[in-house]
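Here is how the chains run, residue by residue.
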Amino acid sequence: MIGQKERLAEIRELIVSQFNVSGGSKQTGQYPRFAAPVCPSVAGLSERQSSAIEDRIRQVAAMANIPVAVDKCSPNLFVALIEDGKAEIQLLRKKKNRLFETIPHWERDALEESGGPVYTWKATHTVGSDSGHNASAGTFTFMAGANGAGLGPALGGSTTNGQTSHVKSKISRSTIEGIAYSYLLIESKSLKGISAAQLADYAAMVSLIDIKVGGDQQVPDGSILSLFAETEDETLKPTSLSSGDLLLLRGLYNVPANVKASLQRSAMIHSMSEGLKQSDRAEQ
């Protein structure tokens, strides 16, 4: 069995190498997270399947102590099943380029050329740490039938408003980096052998944190983040969110949001270390 030190080392490496930082470097920026309650929207599946995945995303968020919006909210977490990711990104950049306005052009190019089957990005914004979230509602819908055919984007824009803050501290910052909107596109051809439950847990994990996916990214053993990784034995794919995944989500959302990334990272590792100790004691 892998030891606690090894598990923490894997988690730390994941945070350092794959978590995106906004507003500065990996030392001085911040790890963004949702400032407003999470409101998921799923497209490209049947109404029943979409509703089930939305419910599971809400459940995972609640398990991680992340605020969840009530029903009939304005969506800020979008998941869509599509046919051709590269073509979809190209069309979005041409027709709704403002959806990518918070990420540099080279990242947009890299996203388009990533090869999929997963394409994800976040619209982040800066708000005052002592003021409320103030982003106007945006929309992200796909003109799709119940079977996911005929997919084509019809997106609305989003804007964010700055906040005035009066926080004064050598450690605490006057602003925080927040996720205003999360976008996740998954090519339907990659879903062979993957259940709706697996898809829901993956969508929740990838959408609730700003993280790099795909390629040769390394993830902790058993993490749902490895769902679309190439493997010769499909039975080895994770079946659900792991305990480590949940600890990671809780770690991000439980640490202070208004400090620099290096302090957030240390607090996250400490939080997850305590969580692993409790888990180990419970198993004994």
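Keep in mind that this is a model prediction, so the values were computed, not measured.

Colleague: Before we move on, can you summarise the pairing of strand 2 (residues 40-43) with the specific residues and values?
Modeller: Burial along strand 2 is two-sided: the residues Pro40 and Val42 and Ser41 and Ala43 are all buried. Here four bridges tie strand 2 to strand 3 (residues 77-82), and the two strands are oriented parallel to one another. Residue pairing in the sheet places Pro40 in a bridge with Leu77 of strand 3. Note that the unit made of strand 2, helix 2 (residues 47-63) and strand 3 has a crossover that is left-handed.

Colleague: An account of unusual backbone geometry is requested, with residue identities and associated values reported.
Modeller: Outside of glycine, negative phi angles account for most residues, and trans bonds account for most peptide bonds. For the bond running from Gly116 to Pro117, omega is 5 degrees, close enough to zero to count as cis. By the secondary structure assignment, Pro117 is in the loop between helix 4 (105-112) and strand 4 (118-128). If you check the backbone angles, Asn65 has positive phi at about 65 degrees while not being a glycine. Of note, Asn65 is situated in the loop between helix 2 and strand 3.

Colleague: Report on the environment of Ser207, specifying residues and quantitative values.
Modeller: Tracing the chain through its elements places Ser207 in helix 5 (residues 196-208). With 128 residues separating them along the chain, Ser207 and Val79 place their C-alpha atoms 8.4 Å apart. In terms of polar contacts, Ser207 uses its side chain to reach the backbone carbonyl oxygen of Ala203, at 2.7 Å.

Colleague: Now, about helix 6 (residues 243-254): what can you tell me, with residues and values included?
Modeller: Each full turn of the α-helix corresponds to 3.6 residues, which orients residues three or four apart in the same direction. In this model, helix 6 (twelve residues) spans 16 Å end to end at C-alpha, consistent with the 16 Å of a helix rising 1.5 Å per residue. Buried within helix 6 are the following residues: Asp245, Leu246, Leu247, Leu248, Leu249, Gly251, Leu252 and Tyr253.

Colleague: Before we move on, can you summarise the pattern of salt bridges with the specific residues and values?
Modeller: Going through the model one piece at a time under the given rule, you end up with four salt bridges. Note that Arg56 is salt-bridged to Asp201, the shortest N-O span being 2.5 Å. Within this pair, whereas Arg56 is found in helix 2, its partner Asp201 is found in helix 5, the two being separated by 145 residues in sequence. Asp201 sits in the buried class, given a relative accessible area of 2%. For Glu112, the salt bridge is made with Arg93, and the minimal N-O distance between the two is 3.0 Å. A residue pair is termed long-range when its members are at least 10 positions apart, and Glu112 in helix 4 and Arg93 in helix 3 (residues 85-95) qualify at 19 residues. What you see here is one network of salt bridges that share partners, running through Arg93, Asp109 and Glu112.

Conventions used here
- Residues numbered from 1 in each chain as written.
- Predicted model: local features only at pLDDT ≥ 70, side-chain atom pairs only at ≥ 80, totals over all residues.
- Heavy atoms only, no water.
- Buried < 20%, exposed > 50% of the residue type's maximum accessible area, 1.4 Å probe, protein only.
- Helix = DSSP H or I, 4+ residues; strand = E, 2+ residues; numbered from the N terminus.
- Pairing = 2+ DSSP bridges.
- Right-handed = clockwise from strand over helix to strand, strands pointing away.
- Polar contact = N/O pair within 3.5 Å; in protein donor to acceptor, adjacent residues only side chain to side chain.
- Expected span 1.5 Å × (residues − 1).
- Salt bridge = Lys/Arg side-chain N within 4 Å of Asp/Glu carboxyl O.

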